[in-house]
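The lines below spell out each chain.
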Amino acid sequence: MGRRRIRSRIRKSHFYTFKCLRPKTLEDQGPHIINGPGYTRIVHCNQPHLHLAKVLRYTSNYVSTTRYNLITFLPKCLYEQFHRVANFYFLVAAILSVFPLSPFNKWSMIAPLIFVVGLSMGKEALEDWRRFMQDVKVNSRKATVHRGDGDFGRRKWKKLRVGDVVKVEKDQFFPADLLLLSSSYEDGICYVETMNLDGETNLKVKRCLDVTLPLERDDTFQSFSGTIKCEDPNPNLYTFVGNLEYDGQVYPLDPSQILLRDSKLRNTSYVYGVVVFTGHDTKVMQNSTKSPSKRSRIEKRMDYIIYTLFALLVLVSFISSLGFAVMTKMHMGDWWYLRPDKPERLTNPRNPFHAWVVHLITAVLLYGYLIPISLYVSIELVKVLQATFINQDLQMYDSESGTPAQARTSNLNEELGQVDTILSDKTGTLTCNQMDFLKCSIAGTSYGVRASEVELAAAKQMAIDLDEEQGEEVTHLPRTRGRMHGYAKMPSKTSSDIELETVITATDEGDQTQSTGIKGFSFEDQRLMGGNWLNEPNSDDILMFLRILAVCHTAIPEVDEDTGKCTYEAESPDEVAFLVAAGEFGFEFTKRTQSSVFISERHSGQPVEREYKVLNVLDFTSKRKRMSVIVRDEKGQILLLCKGADSIIFERLSKNGKNYLEATSKHLNGYGEAGLRTLALSYRKLDETEYSIWNSEFHKAKTSVGADRDEMLEKVSDMMEKELILVGATAVEDKLQKGVPQCIDKLAQAGLKIWVLTGDKMETAINIGYACSLLRQGMKQIYIALRNEEGSSQDPEAAARENILMQIINASQMIKLEKDPHAAFALIIDGKTLTYALEDDIKYQFLALAVDCASVICCRVSPKQKALVTRLAKEGTGKTTLAIGDGANDVGMIQEADIGVGISGVEGMQAVMASDFSIAQFRFLERLLVVHGHWCYKRIAQMVNICELYLIFRQAHHLHTEQHTT
C-alpha cells in the first residue's frame, strides 16, 4: 500500500507537454455550442434511473456479434440457403413433386432437400452459437459500479446503464465509453492501452477535468450529480464534443477525457468514470462491421455447373416433350389401347400443346437426378468434419498460451487449398513485439557482439548458397560466442568471399536466448559490462550515454516487495528495454517523485543514489519523432537530454556536436541492415539565464488557450532542442516468432506469393524480410519510391504520379527482359508512394508488377491501405487471397481477403473476431494450408470431379513438408 500512496501523489501532467494537457485557464475557453442534429444526447451522471424515460431510453450495454437471433435465424438462414442455385432448384422440384404430375413419390425429393438444407443450417447455427458464447463471456464480465450512498459493488457488464459511475482498476478493460472523473494520481492522469482499437501498443495518456479531481474516493460519490450534453453515437474514435454541467458551471469536454470500451487501464491503480455510451452505441461497436458472407470458389464453380446441367436438363426435357407432343398429334388415334375415343388431357390428340407442357414438367422431374443432390450432402459433411479436425489438431495447439486453432466458419475449408497470395502484417504476426536491447554505438565505437536474428538467417542462407555453388557440404558452423568483427551484410549486397565467422555467434536459438536470461536485455559485450566501461577511452561520453538511458523517459518503477526487483511501466516496450539495459550497466532507475527521478549508480565501488530534478518534459509524438527532458543534476548543472530518430537528431546537432556523426551513421546503417530499431541519443548543457528566458516562453505557450496552442508548444520546444551534442545510438530487436522463417520458406517453395504490409519504416521491414526468408540471396530488389524533381514546372501531384508510373513500367520491362529463368524479384514500396500506386489509372500496372515478383513488402501503410491492397490483389488477379494479422488495424485487410486468419497475439481479439480461422502463431499457417486445406480440397474436388479445379492446387503437391492425416 505504501508504494501505491507514493505513486498516487505524483502529478503526471508535469511529465507531458503535448498529450491531453489542459491549461489552468480552461474555464475561460467556454463550453461547446451543443445544439442541432447530431448533438442530442443527455446523460444524467450518477442518476441512471432518469434514462428509463421513453425520450431518454438508451441502448443497454449488451453487445452481440452474432449473425442471427431466435427471430431472424429461420428467415435469414433460409434466404442464404436458397440463394444457392442448387438448393433453389431442388426447392422448386420438391414443390412440383407434390402435384399429381410428379412421376415418383414426393418424399424422394423433399427428404434429401430437408437433409441438405437442415445440415447447412445446423452448421450455421453451431458457428453462430460459438459467437454467442463469446458474447456471453464478454457480457458476463464484472465491473465495479456505484450502487448509492458511496457504496460500490460488482455488476455484470451487460447490466450497466448510461449514467452509472464505474470504478476501473489497473489492467482491467473499460466496460463502456466513460467520461474520466478522477484517477489514483493527484492530477487525474491515467494511461490507456488502445491496441484493441487501433493496434498500437504505445500507451495513451488521458486526463480528467480539474473540477472533478476531488472525486477520488468511493464516499465522495454519495451526493455527486451532473449532466453531460454531447454528440450522438458515431464511429469517430478520435473526436468527441460535449459539455459537463456541474456545480452550476459548464465545462467543455474533448477526447482526452473519454475512455473507450475495450481499451485497457495501464500504469494506474484505478480510475472513476461515468458511463456515456453503452453497448452498440460505443465507438468500438460503431466501428465494427458484420463479417461479410464469403463463398468458396468451388461453391461458385458448382453454381455454374448447376446452370450447365440445368440447361442440359431443360434441353433433354424439351426434346423429349416435343417428341411426345408430335407423337400424340400424329399417332395417338392409332393406339387403340390408349382409348382415343375417351382421351385424357395428357393423351388428347386434339390438344397436343397441353400434352407438351404437362410432359415437359414431368420430364424435368423425371430427369432431375441429373443434378446430384447427394453431392451437396457429401460436401457439407466433409466441411463440417474438417472444421472439427482443425479445432482438435494438437499440432496447431500453442501450449504456451493454451490456444488451439479454430475454424470460425466451415464454408471456406477447401479455399485453404487454393491460396495463391498471402498478405501478412509484421508486428505481432511475424514478430513477437518484444523489444530486446542488443547493440549500441557510443562515442563512435560500436558495442554488442551478439548477432540478431536477421544476421543469423542471412548467414545460414549464405552457407546454403555457398555450399550449392562450391559443391561442398557445410558440416560445421563455429560455436563461438566471442566478439563479432563486423556486421552481417544483406545477401543482395555481399560477395562470395564474406566470412561466415564474422556473423555467426550461435548455432541455435538456445544459445541466443540463454546468455542473459533477462527479458528485454540480450546485450553481450564485456567492454561495457561490470563497470568495465570505465577503462574505455571515452568513459565520460559513455557515462553521459548511460545517464540519458536512465533519465530520459516518463516510466514509473514498480518494486516487488517480495523479491526487491524493479520492473517498469512505460508507454512503449522500447523504453522498458532502455531502462532494463541501463540497470544492467549499473544505472538503475529506482524512484520517481513529483519533481525528481532517482538513479542508483554502481559503476565505481558502492552504489550511489543520485537525484535529477525534472524541470520539463517534451514528450514524444509521431510528428516530432523525439522526446527530451530538462533536468538539474546534483551539481546544479541544467541538462537537456534528448533521444529520437537519427534523421531528426542529426539535423539539430551543433558544430561541436558532430564529432561522432560519421562513425555513428555507419553503425546505424549496420544496425538497420541487422533488422534493429534504432534511436540516436544527444544532450545539451544550458545556463540559468538561457533556461529562464525559454521557460517563461514555454509557460506562456503551455497555459495559452486556443486552437494554435499545440503549434505554439512545438515552436517553443524547437527553440530548445537545437545545438545538441551527439553521444551515440541504441539498437533494439523485435524478435521473430518461432518457426516463421521455415514456414515462409516452405510456403514459397510451394509457389505461394507472400506480401508483407506493415507500418514500420522501409529499412526495418526489409531486414525483417531477410530474417524470415521472405528476401533471399540473389533476389533482385525493385524499389518504388517518390523522388523529388527540383526545378520541374509541372504540378507536383501530376509529376509524382508520372514519376511513379514510369518506375513501375521500367521495372516491369526489366522483369520481362530478364534472361535467367530462375531469377526472383522482390518489390518494395512505401505508404506515400502506394497512395499514388493505388489510384485508378496506375493500380493495374502496379498489380501486374507485384504479381511478377516473388515477394512484396509495403512499408508505412495505413490500415485502410492494407485493405485496399488486399482488394486489389483479390479482384485484380482473380485468385484466392489470404490475409493474416493480429491487431484491430488488420481487421479491414482480414475481412477484405477471400480468407481471413486472425492470430491470438498481444494486440487483443479484434482480428480473431473478424477472421474465418484463428491460430496462435504464424508457423501454424503451413499446416492449416497444406494438411487441412489440401486434404479438404482433394476430397471435394474428387467429388465434383472437375480436373481443372484440382490443377489449381497442383503446386501444393510439391510442398516439402510432412503430410499427416488428421
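Residues numbered from 1 in each chain as written. Predicted model: local features only at pLDDT ≥ 70, side-chain atom pairs only at ≥ 80, totals over all residues. Heavy atoms only, no water.

Here the focus is the overall build of the protein. From N to C terminus, the protein includes 27 helices and 33 strands. Residues counted as buried form 53% of the 966 residues belonging to the protein. By sequence separation, contacts in the protein at least 24 residues apart represent 73% of the contacts at least 6 residues apart. Of the roughly 43300 Å² of accessible surface on the protein, a fraction of 54% belongs to carbon and sulfur atoms. (Helix = DSSP H or I, 4+ residues; strand = E, 2+ residues; numbered from the N terminus. Buried < 20%, exposed > 50% of the residue type's maximum accessible area, 1.4 Å probe, protein only. Contact = heavy atoms within 4.5 Å. Areas by Shrake-Rupley, 256 points an atom, 1.4 Å probe, with all protein chains shown as cover.)

We now examine the packing of aromatic side chains. Scanning the entire structure with this criterion turns up 24 aromatic pairs. On the numbers, 5.6 Å between centres and 50° between planes, the contact of phenylalanine 224 with tyrosine 246 is tilted. Residue phenylalanine 224 is found in the loop between strand E7 (203-207) and strand E8 (226-230), and its partner tyrosine 246 is found in strand E9 (residues 242-246); the two are separated by 22 residues along the sequence. Each member of the pair, phenylalanine 224 as well as tyrosine 246, is classed as buried. Ring centres of phenylalanine 240 and phenylalanine 277 lie 6.4 Å apart, and the angle between their planes is 75°; on these two criteria the pair is classed as edge-to-face. (Phe/Tyr/Trp six-rings, centres within 6.5 Å; stacked < 30°, edge-to-face > 60°.)

Time to look at the UniProt feature "transmembrane region" (unreviewed entry) in the protein. UniProt feature "transmembrane region" (unreviewed entry): in the numbering of this structure it lies at residues 85-101, 304-327 and 353-377. Across residues 85-101, the secondary structure splits into 76% helix and 0% strand, with the terminal C-alpha atoms separated by 23 Å. Across residues 304-327, the secondary structure splits into 100% helix and 0% strand, with the terminal C-alpha atoms separated by 34 Å. (UniProt positions renumbered as here; feature names shortened; annotations may be inferred.)

So, on to the sheet that holds strand E12 (residues 264-266). Across the sheet, which stays open at both edges, the 3 strands sit in the order E7-E6-E12 with antiparallel pairing between neighbours. Each edge of the open sheet carries a strand with a single partner, namely E7 and E12. Neighbour-to-neighbour, the strand axes of the sheet open up by a mean angle of 45°, direction not taken into account. (Pairing = 2+ DSSP bridges. Axes fitted to C-alpha atoms, helices over the stretch in contact; angles between N-to-C directions.)

Interaxial distance between helix H7 (residues 297-331) and helix H8 (residues 352-366) falls to 8 Å at its minimum, and their mutual angle equals 145°. For H7 against H8, the interelement crossing comes out right-handed. Facing Leu313, Ser317, Phe318, Ser320, Ser321, Leu322, Phe324, Ala325, Thr328 and Lys329 of H7, the residues of H8 in contact are Pro352, Ala355, Trp356, His359, Leu360, Ala363 and Val364. Its residues assigned to classes, the contact of H7 with H8 shows 11 nonpolar, 5 polar and 1 charged. (Left-handed = near helix turned anticlockwise from the far one by under 90°. Nonpolar A, V, L, I, M, F, W, Y, C, P; charged D, E, K, R; others polar.)

Attention now goes to the packing of helix H16 (residues 688-702) against helix H17 (residues 709-720). Contact pair H16 / H17: the axes reach a minimum separation of 9 Å and the direction vectors enclose 165°. Relative to H17, the element H16 lies roughly antiparallel. Note that H16 runs across H17; the crossing there is left-handed. The residues of H17 that touch H16, namely those facing Trp694, Glu697, Phe698, Ala701 and Lys702, are Arg709, Met712, Leu713, Val716, Ser717, Met719 and Met720. Here the contact of H16 with H17 is built from residues that sort into 8 nonpolar, 1 polar and 3 charged. (Parallel < 35°, antiparallel > 145°, perpendicular 65-115°, else oblique.)

What follows is about the environment of serine 182. With respect to the secondary-structure elements, serine 182 resides in strand E5 (residues 177-183). Considering only alpha carbons, one finds serine 182 and glutamine 257, 75 residues apart in sequence, at a separation of 9.8 Å. If near-sequence neighbours (up to four positions away) are discounted, serine 182 is found in contact with Cys208, Thr212, Leu213, Leu215, Glu216, Val271 and Tyr272. Here leucine 215 takes part through its backbone oxygen, which lies 2.3 Å from a polar atom of the side chain of serine 182. (Polar contact = N/O pair within 3.5 Å; in protein donor to acceptor, adjacent residues only side chain to side chain.)

Moving on: unusual backbone geometry. Within the chain, aspartate 149 stands out as a residue other than glycine whose phi angle is a positive 60°. If you trace the backbone, aspartate 149 turns up in the loop between strand E2 (142-148) and strand E3 (151-156). The phi torsion at glutamate 723 lies on the positive side, around 55°, for a residue other than glycine. Within the secondary structure layout, glutamate 723 lies in the loop between H17 and strand E26 (725-736).

A word on the pattern of salt bridges. What the rule picks out here adds up to 40 salt bridges. The partner of glutamate 216 in a salt bridge is arginine 217, with the nearest N and O atoms 3.8 Å apart. Under the relative-accessibility criterion, glutamate 216 is labelled partly exposed at 37%. Between lysine 643 and glutamate 575 there is a salt bridge, with the nearest N and O atoms lying 3.9 Å from each other. Taken together, the residues lysine 643 in strand E24 (residues 638-644) and glutamate 575 in helix H13 (residues 573-584) connect sequence positions 68 residues apart. Across this residue pair, the class does not change: lysine 643 and glutamate 575 are buried. (Salt bridge = Lys/Arg side-chain N within 4 Å of Asp/Glu carboxyl O.)

Bringing the pairing of strand E6 (residues 189-193) into the picture now. Taking burial as the measure, the 5 residues of E6 include 5 buried ones, the bulk of the element. Burial of E6 is two-sided: the residues Ile189, Tyr191 and Glu193 facing one way and the residues Cys190 and Val192 facing the other way are all buried. Sheet topology note: the E6/E7 ladder contains 5 bridges and is antiparallel. The residue bridging tyrosine 191 from the neighbouring strand is valine 205, located in E7. Summarising the sheet, E6 and E12 pair through 3 bridges and their orientation is antiparallel. When the bridges of E12 are listed, tyrosine 191 appears paired with arginine 266.

Here we come to the sheet that holds strand E20 (residues 587-592). Taking strand neighbours across the sheet as the criterion, the 9 strands line up as E17-E16-E26-E25-E24-E23-E22-E21-E20 in an open arrangement whose pairing is antiparallel. Single-partner strands in this sheet number two, and they are strand E17 (445-447) and E20. Neighbour to neighbour, the strand axes of the sheet diverge by 30° on average, direction disregarded. Sheet topology places strand E16 (residues 431-442) next to E17; 3 bridges connect them, and they run antiparallel. Paired with serine 441 across the bridge in E17 is serine 446. Taken strand by strand, H13 contacts E16, E20, strand E23 (626-632), E24, strand E25 (677-686) and E26, and its axis lies near 50° from that of E16. Docked against the sheet, helix H15 (residues 661-673) engages E16, E17, E25 and E26, running at close to 5° with respect to E26.

Now for H16. Compared with the 21 Å implied by 1.5 Å per residue over 15 residues, the 20 Å span of H16 between its first and last C-alpha is a close match. Along H16, the residues that are buried comprise Tyr691, Trp694, Phe698 and Ala701. Each buried residue of H16 lies within a common arc of 85° when the element is viewed along its axis, so the set occupies one face. Residues of H16 that are exposed and point over 90 degrees away from its buried face: Thr689, Ile693 and Lys700. Summarising the contacts, the buried residues of H16 are in contact with strand E22 (608-618), E23, E24, E25 and H17. (Expected span 1.5 Å × (residues − 1). Arc of directions from axis to C-beta.)

The next thing to look at is the side chain of serine 97. Structurally, serine 97 can be placed in helix H3 (residues 85-97). Among the polar contacts made by the side chain of serine 97, one reaches the main-chain carbonyl oxygen of alanine 94 at a distance of 2.6 Å. In contact with serine 97, not counting residues within four places along its chain, are Ser102, Lys106, Met109, Ile110 and Leu365.

Here leucine 847 lies in helix H22 (residues 843-851). The residues touching leucine 847, leaving out its near neighbours within four places in the chain, are Trp755, Leu872, Ala873, Gly876 and Thr877.

With that settled, the discussion passes to a positive patch on the surface. On the surface, Lys142, Arg154, Lys158 and Lys159 cluster together to form a positively charged patch. Of note, arginine 154 is situated in strand E3. (Patch = residues over 30% accessible without salt bridge, like charges linked within 9 Å, V, L, I, M, F, W, Y side chains within 5 Å. Lys, Arg positive; Asp, Glu negative; His and termini not counted. Charge placed at Lys NZ, Arg CZ, Asp CG, Glu CD.)

So, about the pairing of E23. A regular strand places its side chains so that they alternate between the two faces of the sheet. Burial analysis of E23 places 6 of its 7 residues in the buried class, the great majority of the element. Bridge count for E22 against E23 is 5 bridges, and the pairing is antiparallel. By the bridge assignment for E23, valine 614 is matched with valine 631. The sheet contact formed by E23 and E24 spans 7 bridges and is antiparallel. Within the sheet, the bridge partner assigned to valine 629 lies in E24 and is leucine 641.

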